[in-house]
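# Structural features, examined
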Amino acid sequence: MTKANSKLLALDTSTEACSVALQLGSEILTLDEVCPQQHSKRILPMVQQLLSEAGVGLAQLDGIVFGRGPGSFTGVRIGVGVTQGLAFGADIPVYGVSTLAAMAQAAARLHSATQVIAAIDARMAEVYIARFALNDTLSNALMQAQSEEVAIKPDAFSAFSLSGPVMGVGTGWQTYARQLSALQHVSIANDILYPSAQDMLTLALPALASGAFIAAEHAEPVYVRDEVTWQKLPGK
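Everything quoted here is computed from the prediction, not taken from an experiment. (Residues numbered from 1 in each chain as written. Predicted model: local features only at pLDDT ≥ 70, side-chain atom pairs only at ≥ 80, totals over all residues. Heavy atoms only, no water.)

## Looking at the pattern of salt bridges
- If you walk through the whole model with that rule in mind, you get five salt bridges.
- Residue Arg 68 pairs with Glu 149 through a salt bridge whose shortest N-O separation is 3.7 Å. Taken together, the residues Arg 68 in strand E4 (residues 63-69) and Glu 149 in the loop between strand E8 (142-145) and strand E9 (150-152) connect sequence positions 81 residues apart.
- Taken together, the shared-partner salt bridges connect Glu 16, Asp 121 and Arg 123 into one network. (Salt bridge = Lys/Arg side-chain N within 4 Å of Asp/Glu carboxyl O. Helix = DSSP H or I, 4+ residues; strand = E, 2+ residues; numbered from the N terminus.)

## A few points about the sheet that holds strand E3 (residues 27-34)
- Across the sheet, which stays open at both edges, the five strands sit in the order E3-E2-E1-E4-E5 with mixed pairing between neighbours. Every interior strand has two partners, whereas the edge strands, E3 and strand E5 (94-98), have only one. Direction aside, the axes of adjacent strands within the sheet are offset by 15 degrees on average.
- Inspection of the sheet shows strand E2 (residues 17-24) paired to E3 by eight bridges, in the antiparallel sense. Within the sheet, the bridge partner assigned to Leu 24 lies in E3 and is Glu 27.
- Relative to the sheet, helix H1 (residues 39-54) contacts strand E1 (7-12), E2 and E3, its axis offset from that of E2 by approximately 20 degrees.
- Sheet strands in contact with helix H6 (residues 197-209) are E1, E2, E3, E4 and E5, and its direction is about 130 degrees off that of E1. (Pairing = 2+ DSSP bridges. Axes fitted to C-alpha atoms, helices over the stretch in contact; angles between N-to-C directions. Contact = heavy atoms within 4.5 Å.)

## Let's talk about the packing of aromatic side chains
- Counted by the stated rule, this structure contains two aromatic pairs.
- For the pair Tyr 95 and Phe 213, a centre-to-centre distance of 5.3 Å together with 20 degrees between the ring planes defines the contact as stacked. Here the residue Tyr 95 occupies a position in strand E5, and Phe 213 occupies one in the segment after H6, the gap between them amounting to 118 residues.
- For Tyr 95, a relative accessible area of 25% puts it in the partly exposed group.
- Given a relative accessible area of 12%, Phe 213 falls into the buried group. (Phe/Tyr/Trp six-rings, centres within 6.5 Å; stacked < 30°, edge-to-face > 60°. Buried < 20%, exposed > 50% of the residue type's maximum accessible area, 1.4 Å probe, protein only.)

## Observations concerning the layout of surface pockets
- Approximately 350 Å³ is the volume found for the largest pocket.
- Residue lining of the largest pocket: 22 residues in total, with Ser 14, Thr 15, Ser 72, Phe 73 and Gly 75 positioned closest to the centre.
- Elements with a contribution of two residues or more to the lining of the largest pocket: H1, helix H2 (73-90) and strand E6 (115-123).
- Classifying every residue of the lining of the largest pocket by side-chain character gives six nonpolar, twelve polar and four charged.
- Approximately 150 Å³ is the volume found for the second largest pocket.
- If you trace the second largest pocket, you find 14 residues lining it, with Asp 32, Asp 191, Tyr 194, Pro 195 and Ser 196 closest to the centre.
- Counting only elements with at least two residues in the lining of the second largest pocket, the list comes to E3 and helix H3 (99-111). (1 Å grid on protein atoms, 1.4 Å probe; cavity = no way out; pocket = protein on both sides within 12 Å on 5 of 7 lines; lining within 4 Å. Points joined across faces, edges and corners; volume = space filled by probe spheres on them. Nonpolar A, V, L, I, M, F, W, Y, C, P; charged D, E, K, R; others polar.)

## Points about the confidence of the model for the protein chain
- Looking at the protein chain as a whole, the pLDDT averages 91, with 92% of positions reaching at least 70.
- For residues 227-236, every residue scores under 50 in pLDDT, and the model assigns this stretch four contacts once sequence neighbours within four places are set aside. (pLDDT = per-residue confidence, 0-100.)

## What to know about the side chain of Thr 83
- Positionally, Thr 83 belongs in helix H2.
- The buried category is assigned to Thr 83, whose relative accessible area is 0%.
- Setting aside anything within four residues of it in sequence, one finds Thr 83 in contact with Leu 11, Ile 64, Phe 66 and Val 94.

Here it is, written out as structure tokens:
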């Protein structure tokens, strides 16, 4: 499967934003809305809007890409659940993409960044954070993780000590700019606050080409905060 004939839907509800993108070959349609606590109401209408505009049905897609986290626990679960529901109905595979990686990819797309530290405000005085670098040996120049994704208090964060231009993206840099900038000098991208589904498409294309998409029932979120568990209610 190549980019020229791929048909993919991507969606993300892991942060305050709702994001949907549809790729039909080289054409990409996108919808991004900042709509806190409205994800469950907005995501399906946004998906339907893009499919209707393109005149494409779910069953015609090669797969669905979803933001696997980290991010809001509720938001990540909504995204995974919606993805599974759509994919089950259309009998198509899925693939999860890191929300932090998506923002790093946006920095490459919008600002030609080669080193990125992505940070999402995780609440509870913590950030979800990871470092990425551009692998320009690949034909489509993808951001690749250079550290683990962690949830950590900004003042407990160990400096990456990166040299050369580094870009900071995400709401973590807006909320904790002073603390994080004291540990690593960056140029903060004020136009990249949330992950966008269109960058998830870019990151997912190699996985589609290599057959790495999985069945919908195997889709899993990434919460990062391992100490937080979700228990099923009795009878559920």
